[in-house]
Amino acid sequence: MWPSAVAVGVASALWYTTQLDTYMIGSFTFALYIGLGGSTTLWQIQKTFPRDCRALFRYLKVLWKIHHAQRNNLSVPKLFQEVAQKNRDKIAFYFEDQAWTFHQVDELSNRVGNYFSEKGLKHGDAVALFMENCVEYVCIWLGLTKIGAVPALINYNLRFDSLRHCIKVAYCKAVICGAELQEAISDIRDSEDISLLPLYISGGGEAEFCIKDAVNLDVGLCSVVSTSPPQVHNVNFSDNMVYIYTSGTTGMPKAAVIKHSRAYFAAEGMGTVVGVTSSDILYDPLPLYHTAGGIIGIGQSLFEGATTVIRRKFSVSQFWADCVKYRCTAGQYIGEICRYLLNMPEKPEDKQHKIRIMFGNGLRPNIWKEFEKRFNIPKICEFYGSTEGNANVINIDGKPGAVGFVSVLFPSVYPVALIKVDEETREVARDSNGLCMKCKPGEPGEFIGKIVRNHPVRDFHGYADESSTKKKIVRDVFKKGDYAFLSGDILVMDDEGYLYFKDRTGDTFRWKGENVSTSEVEAVISKVAGHADVVVYGVEVPGAEGRAGMAAILDAEETLDMEELYSGVMKSLAPYARPLFVRTAKELEMTGTYKLKKVTIQKEGFDPRNIKDKIFFLDVKKKAYIPLSEDVYDKIIRGEVRV
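I will try to describe carefully the structure that is included in this document. (Residues numbered from 1 in each chain as written. Predicted model: local features only at pLDDT ≥ 70, side-chain atom pairs only at ≥ 80, totals over all residues. Heavy atoms only, no water.)

**Re empty space enclosed by the protein**
Then, number 1: Summed over all chains, the structure comprises two cavities of 30 Å³ or more.
Then, number 2: By volume, the largest cavity is sized at about 40 Å³.
Then, number 3: Lining the largest cavity we find Val316, Trp320, Leu341, Met344, Pro345, Lys347, Asp350, Arg374 and Phe375.
Then, number 4: Grouping the amino acids of the lining of the largest cavity by side-chain chemistry returns six nonpolar, no polar and three charged.
Then, number 5: Around the second largest cavity, the lining residues are Val76, Trp141, Met241, Ala263, Ile295, Gly299, Leu302 and Phe303.
Then, number 6: Tallying contributions element by element places helix α12 (residues 291-302) first for the lining of the second largest cavity, with three residues.
Then, number 7: Considering only residue class, the lining of the second largest cavity consists of seven nonpolar, one polar and no charged. (1 Å grid on protein atoms, 1.4 Å probe; cavity = no way out; pocket = protein on both sides within 12 Å on 5 of 7 lines; lining within 4 Å. Points joined across faces, edges and corners; volume = space filled by probe spheres on them. Nonpolar A, V, L, I, M, F, W, Y, C, P; charged D, E, K, R; others polar. Helix = DSSP H or I, 4+ residues; strand = E, 2+ residues; numbered from the N terminus.)

Here it is as structure tokens:
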């Protein structure tokens, strides 16, 4: 639903209220308090009203743009063509030593569309795109969308079963592979379901390929016209645009459906709300197969006419040097990137850049202010959201630690909420009427977004796999028959409506009768261990109820001080939250979005016979983490050592 007339009136009152003196503001606040029926405190109104008005004004601006695109059936390629015509000779993308104008990007993407149209690809056909970051990557997926085809943006780190799964689950009709990744495709090419798919290689020039039946895409594109494909007129605002895969922190990747409407909302919404303009140069070192880098970041060029800097792969040592080199004014981050940057030795580029704003998700609250100060970042906008979800929020005013907010004055304007879940099962809790229960400030709950079918902002389009889609929907939320998207994440809200990430619903474990938040334990241990990579999870111990905590800490150089770790854990964590086992790992596996994987390492448990890394056990009597020998392990299994 569009915001109510009252909400619109509140937004328009923002300018007026800034002109009032203290007396008038007090009177206005009291009038609003009475108007809201006294359900909200005067303190909350005074604290949150200016913020809510700013956000509402920007949100209405985004909705107007969405409404305009929907009314005129402007799909992503149509929107880009309008921008390209206005900015023909402006630089759209920097990549290494290359500078691509909007006209060049438009022309190459036209060739891609025309080429694959001649090869028989039709509206709705899925095509696997398996390449490292480069401008051609953007041109290829953009060109495919110009004929209504649906690129499946596959993580270039995947191999074997995971890679095969991603191609199959999206029902791809062809595969486009970067020349640098031929070997990975060759490893699965003999599979019955992959061998029959046409294979095109990009970026190889005229060199011979290691896969005999592969087609040279570079050569093929030279033989087709660069005019706009006629099929672009039949590509609709509500059509599927791309498949983007979930990160895979808890299993095989799922192909999330991203429609043209969702892609436009994600990119235009982010740019408008945080303040990215056409004059900005955005540093986007993130993987382009993911929403943050490939849709939100690239979208600032496609929709806003900004210039975007692309890197083949993220480099912690080159981050600030690149920002200086390309004169960047805005930057993106995800996952643990900020911590990696903070761990680097200080150098002049740290503050020689012109970055005025950074936005992303994954900046840990415990390093927020330190990061801001060291790198002289005027404003950081953390956001929360998922690739496929409709429950997305943004911290527009740089509140340290907050991932976003919901209005305590006008909560219905943007229908997201926190609902209570069972502490043990993590299942949705319901009242006597069978409906979900909203959380009060300070109460952790699962974040949800109301689903409104066919709405460009509120709809949930799900995954290529229908069964996976059903698992993410909860019904009978606040009234019978309504339904919402389940984020799978536990957040908590304060009295001002600010939201703070607490944990994944699947990333908690119960020990000593208490629920342990893995992210909280990870933050403590990482700080003690000098901002090292840390994965915390629960492991089963025979005869013990629940799961005992275990922490895997990246310690490639074997420099971790176990005495200091013991002291920090005992000081900062409750008894039930202290990891019983510690594994010092030579390496920890990550997803393509710089999030640490847990599934594999969790399955390995704590048996020293099966693990090459060193394992330590929290010996309460000795007041230390001691090496876990096979003898001690056997005694724990037999119940001879109390845990």
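**Brief notes about the pattern of salt bridges**
Then, number 1: Under the defined criterion, the tally for this structure stands at 28 salt bridges.
Then, number 2: Among the salt bridges present, the one from Arg164 reaches Asp161, with a minimum N-O distance of 2.6 Å. Taken together, the residues Arg164 and Asp161, both in helix α7 (residues 160-169) and three residues apart, mark about one turn of the helix.
Then, number 3: In this structure, the salt-bridge partner of Lys614 is Glu558, at a minimum N-O distance of 3.8 Å. Here the residue Lys614 occupies a position in strand β27 (residues 614-619), and Glu558 occupies one in the loop between β25 (548-554) and α19 (562-572), the gap between them amounting to 56 residues.
Then, number 4: Residues joined in a network through salt bridges with shared partners are Glu96, Glu132, Arg312 and Lys313. (Salt bridge = Lys/Arg side-chain N within 4 Å of Asp/Glu carboxyl O.)

**As for the nonpolar core**
Then, number 1: By size, the foremost hydrophobic cluster in this structure holds 138 residues, and its most contacted members are Phe93, Phe116, Trp141, Ile167 and Ile176.
Then, number 2: When residues of this core are assigned to their parent elements, the largest contribution, 10 residues, is made by helix α3 (residues 42-71).
Then, number 3: Once residues lying within four places of it in the same chain are set aside, the contact partners of Phe116 are Leu121, Leu144, Ile147, Ile176, Tyr200 and Leu217.
Then, number 4: Counting residues in each nonpolar core, the second largest holds 44 residues, with Met550, Ile553, Phe581 and Leu618 among its members. (Core = buried A, V, L, I, M, F, W, Y, C linked by side-chain atoms within 4.5 Å. Buried < 20%, exposed > 50% of the residue type's maximum accessible area, 1.4 Å probe, protein only. Contact = heavy atoms within 4.5 Å.)

**Quick look at the sheet that holds strand β7 (residues 215-216)**
Then, number 1: Reading across from one edge, β7-β6-β5-β3-β4-β8-β9 is the order of the seven strands in this open sheet, with mixed pairing throughout. Strands with a single pairing partner mark the edges of an open sheet, and in this sheet they are β7 and β9 (255-259).
Then, number 2: Where α7 meets the sheet, its contacts fall on β3 (126-130), β5 (172-178), β8 (240-245) and β9, and the angle it forms with β8 comes to roughly 160°. (Pairing = 2+ DSSP bridges. Axes fitted to C-alpha atoms, helices over the stretch in contact; angles between N-to-C directions.)

**Overview of the packing of aromatic side chains**
Then, number 1: Tallying each qualifying case throughout the model produces 21 aromatic pairs.
Then, number 2: Here Phe314 and Phe319 contribute two aromatic rings whose centre-to-centre distance is 6.4 Å and whose plane-to-plane angle is 65°, an arrangement assigned as edge-to-face.
Then, number 3: Their ring planes at 45° and their centres at 4.9 Å tell us that Phe460 and Phe485 sit as a pair that is tilted. Taken as a pair, Phe460 in the loop between β18 (445-450) and α17 (466-471) and Phe485 in strand β20 (residues 483-493) lie far apart in primary sequence, 25 residues in all. (Phe/Tyr/Trp six-rings, centres within 6.5 Å; stacked < 30°, edge-to-face > 60°.)

Remember, this is a structural readout, not a statement about activity or role.
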